[in-house]
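Summary of the model geometry
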Amino acid sequence: MARCAVSLTAAEAVLSKMADSLSTGLGEEKEKEKEDKERDTRAAKAEQNKEKEGVNDSLGFHDKNGGARGQKGNLSDLSLVRFITTELTRGYFLEHNEAKYTERRERVYTCLRIPKELEKLMTFGFFLCLDTFLYVFTLLPLRVILALLRLLTVPCCGLGGSRLLQPAQVCDVLKGFIMVLCYSMMSYVDYSMMYHLIRGQSVIKLYIIYNMLEVADRLFSSFGQDILDALYWTATEPKERKRAHIGVIPHFLMAVLYVFLHALLIMVQATTLNVAFNSHNKSLLTIMMSNNFVEIKGSVFKKFEKNNLFQMSNSDIKERFTNYILLLIVCLRNMEQFSWNPDHFWVLFPDVVMVITSEVAVDIVKHAFITKFNDISADVYGEYRASLAFDLVSSRQKNAYTDYSDSVSRRMGFIPLPLALLLIRVVTSSVKIQGSLSFMCVLLFYLGMITLKVLNSIVLLGTSCMFVKEAKMEEKLFDPPPSVASSRANSRANRGKNAPAAPQQEPTSDKAGISLASGISLPTDKPESASSTIPKSDSDAFLTTPDEEDEDKVINTDTGLEGDGLTHKTPKKDLLEIDRFTICGNRID
């Protein structure tokens with residue numbers, strides 16, 4: 001019994017030892033797992049702390065929430081050598097903001113493309129003005145002669161039922177009479193006395209006078225074409241309508257007075273430029289040229305839209321062509337004073353080149369920065385050329401409602417009658433015609449001008465058709481001219497667009513579903529009604545085309561950057577409807 005009790009106690013001891021060993025083994029495994037977890041968390045925290053320390057060291061500051069030991073360690077690591085080393089070796093990656101730098105590069109490319117695209121537009125516009133200007137000297141006298149012959153032959157032939165003159169012939173006769181009367185009035189103006197009167201003024205006074213003449217020229221150009229259009233419409237309006245005008249004779253006298261005053265103003269402007277050319281120290285000419293660069297300050301830092309830029313481009317075309325004619329007048333007057341000595345022309349040539357170069361440089365810089373600040377693509381100048389080409393092509397249609405020369409006058413503010421009158425006055429006073437040989441030279445010169453006019457017209461018409469086809473504007477050529485009722489209805493509709501609940505219009509498209517970009521839109525097929533007809537001439541109604549991508553953009557004029565914000569947006573105008581030349585040059589409202 002005693003042995004059995006001893007064996008049982010021994011077995012119990014062995015079992016207890018085994019249980020203790022098992023429990024200690026499990027405990028050790030759990031402790032090892034805990035130690036492994038703690039070791040992993042410590043390693044992760046150490047890596048995070050290293051990353052934070054590296055960021056803090058690169059930025060030059062330490063975490064305020066760190067412990068005292070971390071701060072002491074970081075302070076001990078600070079040194080001037082390490083700061084300089086960090087500044088020399090730190091890097092950055094531009095691809096992290098790829099969109100921003102791509103946009104900056106495109107702006108640079110746009111500025112580089114501006115001179116080429118702008119000069120294309122300027123060249124095309126120059127030949128348009130030249131075609132209109134040559135029309136006054138070549139085809140207009142022939143059309144006036146044909147109209148007068150018809151006026152004399154129709155009553156003699158007994159054709160009482162037909163009209164004596166067509167509306168276009170009436171306008172031609174009025175232009176001819178205006179030119180003859182104004183030339184007879186200009187013959188009493190003494191150019192020499194005007195030259196010496198202006199030359200006796202001081203330099204500053206002449207500079208102020210020249211600026212005032214430029215402003216007055218813009219005002220005359222803005223209001224002059226309205227006077228001429230009022231005369232043409234008053235003379236050709238159907239007689240069965242209610243009389244709502246003061247009569248043809250008062251309108252004719254107003255037109256004669258306007259053309260005479262405008263020609264006189266351009267003569268004073270040309271005389272002032274002539275005085276600047278003949279000054280000894282060229283100080284006045286330098287001041288006048290520096291005045292062109294003041295135009296950059298007045299135009300670049302303003303908000304421009306595509307239609308505003310189109311109007312300013314037309315103004316620049318007119319201004320450049322007018323300056324060329326003024327330089328021609330100055331050269332003719334100076335060559336006459338030196339008995340047509342060719343050597344004197346080369347004396348004037350550097351000043352002429354300086355004037356032209358400054359004008360071109362100012363236009364390029366002005367348009368480059370305007371397109372940059374307002375985020376306008378250089379392709380917009382192609383649209384401007386297409387719009388000018390459309391005027392030329394539409395004036396050749398059978399249903400044309402205006403002459404091409406008048407269309408250019410409305411579009412650009414270029415009125416050829418006063419400028420042509422002044423050139424005729426200067427040429428007749430500078431060139432003496434004596435003998436039959438001189439008359440033969442004049443006849444050959446006139447035939448040469450007619451040849452130049454015809455060739456220029458043919459080339460312009462072909463180029464314009466190409467531009468219209470590229471812009472897909474053929475559909476508009478077949479649209480009927482607007483009526484008075486439709487113009488009034490659209491005018492009232494446009495006045496009601498300022499209401500807050502007015503829905504935004506969709507961009508219009510042509511019959512094939514093709515819509516033109518950047519404001520030139522083709523008409524859709526709609527039933528004919530007074531409220532749905534789209535106007536295309538000088539009326540108070542404009543075809544509005546929304547610009548969706550620029551709706552919520554605000555341009556900072558100081559930096560050229562864009563910002564989001566709610567701004568009041570004026571309705572857009574179709575490029576074909578912008579035909580008013582204003583003094584501001586950058587507003588069409």
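Residues numbered from 1 in each chain as written. Predicted model: local features only at pLDDT ≥ 70, side-chain atom pairs only at ≥ 80, totals over all residues. Heavy atoms only, no water.

Focus: the overall build of the protein chain
Helix and strand content of the protein chain: 17 helices and 2 strands. Sequence separation of 24 or more characterises 82% of the internal contacts of the protein chain that already satisfy a separation of 6 or more. Carbon and sulfur atoms make up 63% of the accessible area of the protein chain, which amounts to about 34400 Å² in all. (Helix = DSSP H or I, 4+ residues; strand = E, 2+ residues; numbered from the N terminus. Contact = heavy atoms within 4.5 Å. Areas by Shrake-Rupley, 256 points an atom, 1.4 Å probe, with all protein chains shown as cover.)

Focus on the pattern of salt bridges
Within the structure shown, the criterion is met by 15 salt bridges. As a salt-bridge pair, Glu119 and Arg320 come within 3.2 Å of each other at their nearest N and O atoms. Of this pair, Glu119 sits in helix α4 (residues 98–137) while Arg320 sits in helix α11 (residues 306–337), placing them 201 residues apart in sequence. According to the relative accessible area criterion, Glu119 is partly exposed, its value standing at 23%. By relative accessible area, which is 7% here, Arg320 ends up buried. Its salt-bridge partner being Glu319, residue Arg218 comes within 3.9 Å of it at the nearest N-O pair. With Arg218 in helix α8 (residues 203–236) and Glu319 in helix α11, this residue pair connects regions lying 101 residues apart in the sequence. (Salt bridge = Lys/Arg side-chain N within 4 Å of Asp/Glu carboxyl O. Buried < 20%, exposed > 50% of the residue type's maximum accessible area, 1.4 Å probe, protein only.)

Focus: the nonpolar core
The biggest cluster of nonpolar side chains holds 103 residues, and the ones touching the most others in it are Phe133, Ile178 and Phe277. When residues in this core are grouped by element, the largest group, 14 residues, is from helix α9 (residues 248–278). Ignoring anything within four residues of it in the chain, the contact list for Ile178 reads Leu228, Leu231, Phe252, Ala255, Val256 and Val259. (Core = buried A, V, L, I, M, F, W, Y, C linked by side-chain atoms within 4.5 Å.)

Quick look at the packing of aromatic side chains
Tallying each qualifying case throughout the model produces 14 aromatic pairs. A centroid spacing of 5.6 Å and a plane angle of 75° characterise the contact between Phe126 and Tyr324, whose relative ring orientation is edge-to-face. One end of the pair, Phe126, is in helix α4; the other, Tyr324, is in helix α11, with 198 residues separating them in the sequence. Given the relative accessible area of 25%, Phe126 is considered partly exposed. Taking 5.2 Å as the distance between ring centres and 85° as the angle between the ring planes, the aromatic pair formed by Phe321 and Phe414 counts as edge-to-face. Separated by 93 residues along the polypeptide, Phe321 in helix α11 and Phe414 in the loop between α14 (404–412) and α15 (416–430) bring together distant segments of the chain. (Phe/Tyr/Trp six-rings, centres within 6.5 Å; stacked < 30°, edge-to-face > 60°.)

Side note on helix α12 (residues 342–373)
The terminal C-alpha atoms of α12 lie 47 Å apart, and with 32 residues this matches the ideal 46 Å at 1.5 Å per residue to within 8%. Just beyond α12, the residue with positive phi is Asp375, at close to 55°. (Expected span 1.5 Å × (residues − 1).)

A short note on unusual backbone geometry
Here the phi dihedral of Trp340 falls at roughly 55°; this positive angle occurs in a residue that is not glycine. By the element assignment, Trp340 lies in the loop between α11 and α12. With relative accessibility at 39%, the residue Trp340 sits in the partly exposed group. A positive phi angle is found at Asp375, which is not glycine, with a value near 55°. Tracing the sequence through the fold places Asp375 in the loop between α12 and α13 (380–394). Classification of Asp375 as partly exposed rests on a relative accessible area of 36%.

Quick notes on the side chain of Ser457
Counting through the fold element by element, Ser457 comes out in helix α16 (residues 436–470). A relative accessible area of 13% places Ser457 in the buried class. Non-local contacts of Ser457, meaning those with residues more than four positions away in its chain, are made with Asp131 and Arg396.

Brief notes about the environment of Thr272
With respect to the secondary-structure elements, Thr272 resides in helix α9. By relative accessible area, Thr272 is classed as buried at 0%. In sequence terms Thr272 and Leu285 are 13 residues apart; their C-alpha atoms lie 9.7 Å from each other. If near-sequence neighbours (up to four positions away) are discounted, Thr272 is found in contact with Ile198, Leu206, Tyr210, Leu213, Leu284 and Met288.

That is the geometry; function is a separate question.
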